[in-house]
Amino acid sequence: MITVRESELEIKSIEVQLVRVETFEEKTNATEVQNIQVADGDVIRNLEIPLYMLFPIVYSSPTMEHPKFKIEFQVNIIVIFLNGYQLTENFAIRLYR
């Protein structure tokens, strides 16, 4: 759940994004796997908005760490304001199969 308690700026939308982060030979590449808009327009304050995301099996795999490469995942919460300003919070997650 996500709740907007207060905001001085009017919110345009809130999105949840799944990102796959691959690291090989000290080079990192982040790829957006999925993006879901969970709120459209200015959100009612103190309303709990549920966050649900089904991970696509083709693009998501277990988190892997090897001496030569890594595959990791992040979930980003993105708040886009009406004036174009964007606020992003990243959460590293570990996937298992």
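Quick notes on the rules
- Residues numbered from 1 in each chain as written.
- Predicted model: local features only at pLDDT ≥ 70, side-chain atom pairs only at ≥ 80, totals over all residues.
- Heavy atoms only, no water.
- Core = buried A, V, L, I, M, F, W, Y, C linked by side-chain atoms within 4.5 Å.
- Buried < 20%, exposed > 50% of the residue type's maximum accessible area, 1.4 Å probe, protein only.
- Helix = DSSP H or I, 4+ residues; strand = E, 2+ residues; numbered from the N terminus.
- Contact = heavy atoms within 4.5 Å.

A look at the nonpolar core
Phase 1: Residues I11, I14, L18, V43 and I49 are the most contacted members of the largest nonpolar core, which totals 18 residues.
Phase 2: Sorting the residues of this core by element identifies β2 (11–24), β3 (27–40) and β6 (69–81) as the ones contributing at least two each.
Phase 3: For this core, the element with the most residues is β6, which contributes 6 residues.
Phase 4: Once residues lying within four places of it in the same chain are set aside, the contact partners of V43 are V4, I11, I14 and I49.

A short note on the side chain of N76
Phase 1: One can find N76 in strand β6.
Phase 2: Filtering out sequence-adjacent residues up to four positions away, N76 remains in contact with E15, V16, Q17, V19, T88, E89, N90 and F91.

Treat this as a map of the structure, not an account of what it does.
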